Amino acid sequence: MLASVLAVGTGRLAAVPWYPLGPYGGHARAIAADPHNSQHLYLGTATGWVYESNDGGAKWSRLSMVAKRDDLVIDQIVLDALDPKHLTVGGWVIDHPDGGLYESHDGGRTWYSQAQMRGQSVRALAVAPSDPKTMVAGTLQGVYRTQDSGVHWTPISPAGSTEIHEVESIAIDPVDPNVIYAGTWHLPWKTVDGGANWTNIKQGIIDDSDVFSIIVDPASPQTVYASACSGIYKSLDAGSKFAKVQGIPSSARRTRKLAQDPMHPETVFAGTTEGLYRTLTAGTTWARLTPPDVIVNDVYIDPKNSNHLLIATERGGVMASEDGGATFQASNDGFTARQVTSFAADPRRASTVFVGLVNDKEAGGVFKSVDGGVTWQQQSEALNGRDVFSLAALGDGTILAGTSHGIFRMNTDAWTQSGAMVPVAPPVAEAAPAAHKRVVNPRERNVPPATGRSRSGARLKPMALVQYKAVTTKPVSKAAAKRASEKPVPIVAPAMVDATVYALVPVDDAIYAGTSKGLLKGDAEGKEWTDLPALELPEMRFVAAQKRVVMVASLRQIAVSADAGATWKLVDLPAGMTQVAAIAADDAGNVWTGGPEGVYYSSDLGASWKSLRSLYVNHVSGIYFDSAEHRVLVTANQSTTTFAAHVPDFKVSFWDTGWNLRFVRPAGDHLVGATMYDGIVVQPVMVDSKIMDTK
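Quick caveat, the model's predicted, so the values are computed rather than measured.

Cut-offs applied
Residues numbered from 1 in each chain as written. Predicted model: local features only at pLDDT ≥ 70, side-chain atom pairs only at ≥ 80, totals over all residues. Heavy atoms only, no water. Helix = DSSP H or I, 4+ residues; strand = E, 2+ residues; numbered from the N terminus. Buried < 20%, exposed > 50% of the residue type's maximum accessible area, 1.4 Å probe, protein only. Contact = heavy atoms within 4.5 Å. Areas by Shrake-Rupley, 256 points an atom, 1.4 Å probe, with all protein chains shown as cover. Salt bridge = Lys/Arg side-chain N within 4 Å of Asp/Glu carboxyl O. Pairing = 2+ DSSP bridges. Core = buried A, V, L, I, M, F, W, Y, C linked by side-chain atoms within 4.5 Å. 1 Å grid on protein atoms, 1.4 Å probe; cavity = no way out; pocket = protein on both sides within 12 Å on 5 of 7 lines; lining within 4 Å. Points joined across faces, edges and corners; volume = space filled by probe spheres on them. Nonpolar A, V, L, I, M, F, W, Y, C, P; charged D, E, K, R; others polar. pLDDT = per-residue confidence, 0-100. Polar contact = N/O pair within 3.5 Å; in protein donor to acceptor, adjacent residues only side chain to side chain. Phe/Tyr/Trp six-rings, centres within 6.5 Å; stacked < 30°, edge-to-face > 60°. Lys NZ or Arg CZ within 6 Å of the ring centre and 35° of its normal.

A.B. asks: Help me understand the overall build of the protein, please; the structure alone is not making it clear to me.
C.D. replies: Summing up its helical and strand segments, the protein has 2 helices and 61 strands in all. By residue count, 53% of the 695 residues in the protein fall in the buried class. For the protein, long-range pairs separated by at least 24 residues make up 45% of all intrachain contacts whose partners lie at least 6 apart in sequence. Total accessible area on the protein is roughly 30200 Å²; 52% of this is exposed by carbon and sulfur atoms.

A.B. asks: Help me out: how do you make sense of the pattern of salt bridges in this one?
C.D. replies: Opposite charge on two side chains makes pairing possible when the charged atoms of those side chains draw close. Scanning the model with the defined rule gives 14 salt bridges in all. Here Arg62 and Asp678 are joined by a salt bridge, their closest N and O atoms 3.8 Å apart. Of this pair, Arg62 sits in strand 6 (residues 61–65) while Asp678 sits in the loop between strand 59 (670–675) and strand 60 (680–682), placing them 616 residues apart in sequence. Across the pair Asp360 and Arg338 runs a salt bridge, and its minimum N-O distance is 2.6 Å. Here the residue Asp360 occupies a position in the loop between strand 33 (353–358) and strand 34 (366–369), and Arg338 occupies one in the loop between strand 31 (336–337) and strand 32 (339–345), the gap between them amounting to 22 residues. Arg338 carries the same exposure label as Asp360, and that label is buried. Ionic contacts of the salt-bridge type, sharing partners, join the residues Arg29, Asp75, Arg256 and Glu314 into one network.

A.B. asks: Would you mind going over the pairing of strand 58 (residues 661–667) with me for this structure?
C.D. replies: Summarising burial for strand 58: 6 of the 7 residues are buried, a large majority. Where strand 58 meets strand 59, 6 bridges bridge the pair, whose relative direction is antiparallel. Within strand 59, the position partnered with Val664 by the bridge is Gly673. Hairpin remark: strand 58 followed by strand 59, antiparallel, with 2 residues in the connecting loop; positive phi at Gly668, about 70°.

A.B. asks: Would you mind showing me how to read the nonpolar core here?
C.D. replies: As a rule of thumb, soluble globular proteins bury nonpolar side chains together. Of all hydrophobic cores here, the largest spans 23 residues; its most connected members are Trp18, Leu43, Trp60, Leu310 and Phe335. Looking at this core, the elements with two or more residues in it are strand 3 (28–34), strand 4 (37–45), strand 5 (49–53), strand 28 (309–313), strand 29 (317–321) and strand 58. Setting aside its immediate chain neighbours within four residues, Phe335 contacts Tyr24, Gly25, Gly26, His27, Ala28, Leu43, Thr45, Tyr51, Trp60 and Gly317. The next biggest cluster of nonpolar side chains, apart from the first, holds 20 residues, and it includes Trp592, Val620, Val647 and Phe650.

A.B. asks: Honestly, the sheet that holds strand 10 (residues 112–113) in this entry has me stumped. Any pointers?
C.D. replies: Remark on secondary structure: sheet strands pair via backbone hydrogen bonds, oriented parallel or antiparallel. Taken in spatial order, the 4 strands line up as 7-8-9-10 in an open sheet, and their pairing is antiparallel. A single partner strand is all that each edge strand has here, and the edge strands are strand 7 (72–79) and strand 10.

A.B. asks: Got a minute to help me understand the sheet that holds strand 28 in this structure?
C.D. replies: On the basis of which strands lie adjacent, the open sheet formed by 4 strands has the order 27-28-29-30 and antiparallel pairing. The sheet terminates laterally at strand 27 (296–301) and strand 30 (329–330), the two strands that pair on one side only.

A.B. asks: Just checking my understanding: could you explain empty space enclosed by the protein for this structure?
C.D. replies: Vacant regions in the atomic arrangement are exposed by a probe of water-molecule size rolled over the atoms. The tally for this structure, following the rule as stated, stands at 2 cavities of 30 Å³ or more. Lining the largest cavity we find Val78, Leu79, Asp80, His86, Thr88, Val127, Pro132, Met135 and Ser149. Split into classes, the residues belonging to the lining of the largest cavity amount to 5 nonpolar, 3 polar and 1 charged.

A.B. asks: Teacher, can you tell me more about unusual backbone geometry here?
C.D. replies: With the exception of glycine, most residues fall at negative phi, and the peptide bonds are largely trans. The amide bond that connects Gly22 to the next residue, Pro23, takes the cis arrangement and shows omega of 5°. Tracing the sequence through the fold places Pro23 in the loop between strand 1 (19–22) and strand 2 (25–26). For the peptide bond that leads from Val647 to Pro648, omega is 10°, which places it in the cis range. One can find Pro648 in the loop between strand 56 (641–646) and strand 57 (652–656). Here the phi dihedral of Asn359 falls at roughly 70°; this positive angle occurs in a residue that is not glycine. Within the chain, Ala564 stands out as a residue other than glycine whose phi angle is a positive 60°.

A.B. asks: So what exactly am I meant to see when it comes to the environment of Thr500 here?
C.D. replies: Within the fold, Thr500 resides in the loop between helix 2 (478–486) and strand 43 (501–507). C-alpha separation for the pair Thr500 and Thr403, spaced 97 residues apart in sequence, amounts to 5.8 Å.

A.B. asks: Explanation requested: the environment of Glu629 in the structure shown.
C.D. replies: The residue Glu629 is located in the loop between strand 54 (620–626) and strand 55 (631–636) in this model. Residues Glu629 and His646, spaced 17 residues apart in sequence, show a C-alpha to C-alpha distance of 8.0 Å.

A.B. asks: Quick question: what am I supposed to make of the confidence of the model for the protein here?
C.D. replies: For residues with low pLDDT, the predicted coordinates do not support detailed interpretation. Here the protein shows a mean pLDDT of 87. Residues at 70 or above account for 85%. This stretch, residues 428–473, has a pLDDT under 50; its non-local contacts, to residues over four places away or in other chains, come to 57 contacts.

A.B. asks: Help me understand the side chain of Thr191, please; the structure alone is not making it clear to me.
C.D. replies: Tracing the backbone through its elements, the reader meets Thr191 in strand 17 (residues 188–191). Here Thr191 falls in the buried class, since its relative accessible area comes to 0%. Among the polar contacts made by the side chain of Thr191, one reaches the side chain of Asp193 at a distance of 2.8 Å. Of the polar contacts made by the side chain of Thr191, one reaches the backbone oxygen of Asn197; its length is 2.7 Å.

A.B. asks: Even after reading the chapter, I still don't get the environment of Val355, so can you show me in this structure?
C.D. replies: Topologically, Val355 is positioned in strand 33. When the C-alpha positions of Val355 and Lys368 are compared, they lie 6.7 Å apart, and in sequence the two are 13 residues distant. Each residue touching Val355, except ones within four places of it in the same chain, is listed here: Pro23, Val340, Ser342, Phe343, Gly365, Val366, Phe367, Trp376, Leu391 and Ile680.

A.B. asks: What should I look at first to understand the packing of aromatic side chains in this one?
C.D. replies: Each aromatic ring pair is characterised by the separation of its centres together with the angle its planes make. Scanning the model with the defined rule gives 7 aromatic pairs in all. Taking the centre distance of 4.9 Å and the plane angle of 85° together, the rings of Tyr51 and Phe335 count as edge-to-face. Here Phe335 lies in the loop between strand 30 and strand 31 and Tyr51 lies in strand 5, a separation of 284 residues in the sequence. In this structure, Tyr51 and Phe335 share a single accessibility class: buried. Between Phe643 and Phe654, the ring centres sit 6.2 Å apart and the planes meet at 40°, which makes this aromatic pair tilted. Of the two residues, Phe643 is situated in strand 56 and Phe654 in strand 57; the sequence distance between them amounts to 11 residues. The same class applies to Phe643 and to Phe654, which are both buried. A connected cluster of aromatic rings, assembled from ring pairs, spans Trp592, Tyr601 and Phe650. Above the plane of the ring of Tyr502 lies Arg541, whose end atom (NZ or CZ) is 4.4 Å from the centre. The ring of Tyr677 carries Arg662 above its face, with NZ or CZ at 5.9 Å from the centroid.

A.B. asks: Would you mind showing me how to read the side chain of Ser227 here?
C.D. replies: As for its placement among the helices and strands, Ser227 is situated in strand 20 (residues 224–228). Separated by 2.9 Å, the side chain of Ser227 and the backbone oxygen of Thr255 make a polar contact. With residues near it in sequence (within four places) discarded, Ser227 still touches Asp210, Val211, Phe212, Ser213, Ile232, Thr255 and Leu258.

As structure tokens, this is what we get:
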């Protein structure tokens, strides 16, 4: 298993980065080509990574992270026609006005920030077709230009303008580099003198339209297309007047990218939030080429072969067509931009593993690998786009998935909802004092069958704490009793778990589920679940269990049970720890927790906490007890080092993985890790790691 991966190196490889394995796909943002070689492509992502392909996008390789920032959305990539190793990318940050322009002079392997554009949220970038030294950038603050290949940048939009800011799109006339079009979050603008004067070119465009993309016909510069939130517009007089193109889009559809076939100018592609459209008649008629659930961020047309077409999509990665867009197939070999949040390994076959994803909707869910992660197959049918926060593998090979809405079960490659709630039986009431009296709960009319909650959704107190009272009723006649017994009893389907399920932990003959509505306990097959109302913590995000010790936690509280959940004790967080990020329980009776301030363990079920002198790590992202090797595995989201604290001697070993990881898990004789945004990575070879002193 993994022979091709494990052969990466031999000997002591603690410093060798772990190997990325997918699952392939994810958020692809921008595609750009080498001006001298249309098969040499670059791909920008939403996590700062740039990928490279040398075969027209059939295979991708991870090139570099721009400025080592994983928060940059790379929507703009420009290659210098005079020097193809000179790349300029524009980046911006989600929900924060930050970003910049970054340059590379070695083909994208190393990057530096352009000082004059530092901190700018760069949303658009274009190079002048007639002068490769001239580039124009659009930012949240305005329009900027360089005329010396990016050495110096100057603003060319009016300082303090109340209109020309939040620039989303840029286009430059193919003949005159001083003619520039700028699309803002409120209508388009144009300058014919390099920015000395600007004109609002809004005639024919619905007012208050965000302009996402502008293109100028290279053969006929008077023809200009602009896409906005209100539709696609076309001008035949260089923007003096626009007319709305009929056919697309509707008010709910946004066209993010327009691209014109360089060999057939009457062919224009429109990448929208509801698929890829194409016109063969310069905009008079349009046809959709992909399913409507495909969100297109960029369109690349091979200038030497317009049948070769690539689109960068949200969640689905890169899609390729070799027939001008008539058909598409995934083209993600080597490219992964996935958020893996959970992992499970089949206990019967070490090479069969599963991962759960979030934020990918129908393109995500659960992926399965039967070769230890070398190749992946999506298995998400019936999950219906749910995020998957937790996975658990049972002894018979059954896989449980905790999702954003309930628990699902798979044992024959098909998912079924498996979160039937079983009501907790109330205590047996004493006999009524008279035949015509019964004991009732005054809340019972507000409690629907098999829920344990009021109709408002509030959790009721345990039945033993509810006060009962006697209510006088009329005696029931024999005839009435007979009529009642003859009525058919309606069959009521059991209520299903409809909470976010953050954690699933099997132990012995039970399974614990930490959910947004509390802690659940399931049977050994994960089919039926009961609420544990004796423990009331908000959002049970973390669960760990070994033997009869069960540990649960919200973000700021921890509770421990020593009797398989029958009774619980709230315990204080370690001194100075502000938030829980992970927990674990080992087979020597210790419980563990970690957060921004470090890792702590307790040998008395949380009564007191200690730290290991040799395990100094902050910003903990994951803690997991590897029972096969009797070690606690620790990862941090701001460090590439993974630690292992061996039990019971507390010796600590570590590896430099080369990645910031959410967690690591054993898979056969090696470890796999989940990166923060870039899928799964695997240990290159099993080697002796460095050993540090104990306590």
